[in-house]
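Residue-level structure breakdown
Residues per chain are reported as follows:
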Amino acid sequence: MSVADLHPQYEKFLPLWERCSDAVEGQAAIHAGGVKYLAKLKDETTDDYNARKGRGDYFNATWRTIAGLTGMAFNKPPSVTLPAGIAKFAGDVNMAGLSLD
């Protein structure tokens, strides 16, 4: 296996990651995806398909969700319950004065 070979798990999830990336990028990426995101109707001409695709609006709730949740993991200080034997080290976890917080 060379460094250029892709792991099977990577190949399995790559389409999902690309779809997520396009969703975050917004309407231009979704429109550029064409039939990947908007199926072409059976008897629809290419011009009609492009016109319909161009009229479609993409509400980017993905980006709004990311923007709203960014930093939420650190919104409140962590609460830690340590066993008595380890609790005494919480004030100096690296023996150089760094606390667990």
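Here, the structure is the one placed above.
We now turn to the structure provided with this report. Everything numeric here is computed off the predicted structure, so don't read it as measured data.

Details of the packing of aromatic side chains
Overall, the coordinates contain two aromatic pairs when judged by the stated rule. Each member of the aromatic cluster is reached from another via a ring pair, and the members are Tyr10, Phe13 and Trp17.

So, the side chain of His31
Residue placement: His31 occurs in helix 2 (residues 27-32). Polar side-chain contacts of His31 include one of 3.2 Å to the backbone oxygen of Lys53.

Re the pattern of salt bridges
Here the structure, examined in full by the defined rule, presents two salt bridges. Its salt-bridge partner being Asp22, residue Lys36 comes within 3.8 Å of it at the nearest N-O pair. Of this pair, Lys36 sits in the loop between helix 2 and helix 3 (46-55) while Asp22 is found in helix 1 (residues 8-25), placing the two residues 14 residues apart along the sequence. Taking relative accessible area as the criterion, Lys36 reaches 47% and is therefore assigned partly exposed. Notably, a salt bridge pairs Arg52 with Glu44, separated by 2.9 Å at the nearest N-O pair. We classify Arg52 as partly exposed; its relative accessible area is 23%. Taking relative accessible area as the criterion, Glu44 reaches 13% and is therefore assigned buried.

Quick word on the side chain of Glu44
Position of Glu44 among the secondary structure elements: in the loop between helix 2 and helix 3. In this structure the side chain of Glu44 is engaged in a polar contact, spanning 3.0 Å, whose partner is the backbone nitrogen of Leu41. Side chain to side chain, Glu44 and Arg52 meet in a polar contact 2.9 Å long. Those residues in contact with Glu44 that lie beyond four places of it in its chain are Tyr49 and Arg52.

Thoughts on the environment of Ser79
The topology assignment puts Ser79 in the loop between helix 4 (61-69) and helix 5 (84-87). According to the relative accessible area criterion, Ser79 is exposed, its value standing at 72%. A sequence separation of 58 residues divides Ser79 from Ser21, and the C-alpha atoms of the two residues are 33 Å apart.

About the criteria used
Residues numbered from 1 in each chain as written. Predicted model: local features only at pLDDT ≥ 70, side-chain atom pairs only at ≥ 80, totals over all residues. Heavy atoms only, no water. Phe/Tyr/Trp six-rings, centres within 6.5 Å; stacked < 30°, edge-to-face > 60°. Helix = DSSP H or I, 4+ residues; strand = E, 2+ residues; numbered from the N terminus. Polar contact = N/O pair within 3.5 Å; in protein donor to acceptor, adjacent residues only side chain to side chain. Salt bridge = Lys/Arg side-chain N within 4 Å of Asp/Glu carboxyl O. Buried < 20%, exposed > 50% of the residue type's maximum accessible area, 1.4 Å probe, protein only. Contact = heavy atoms within 4.5 Å.

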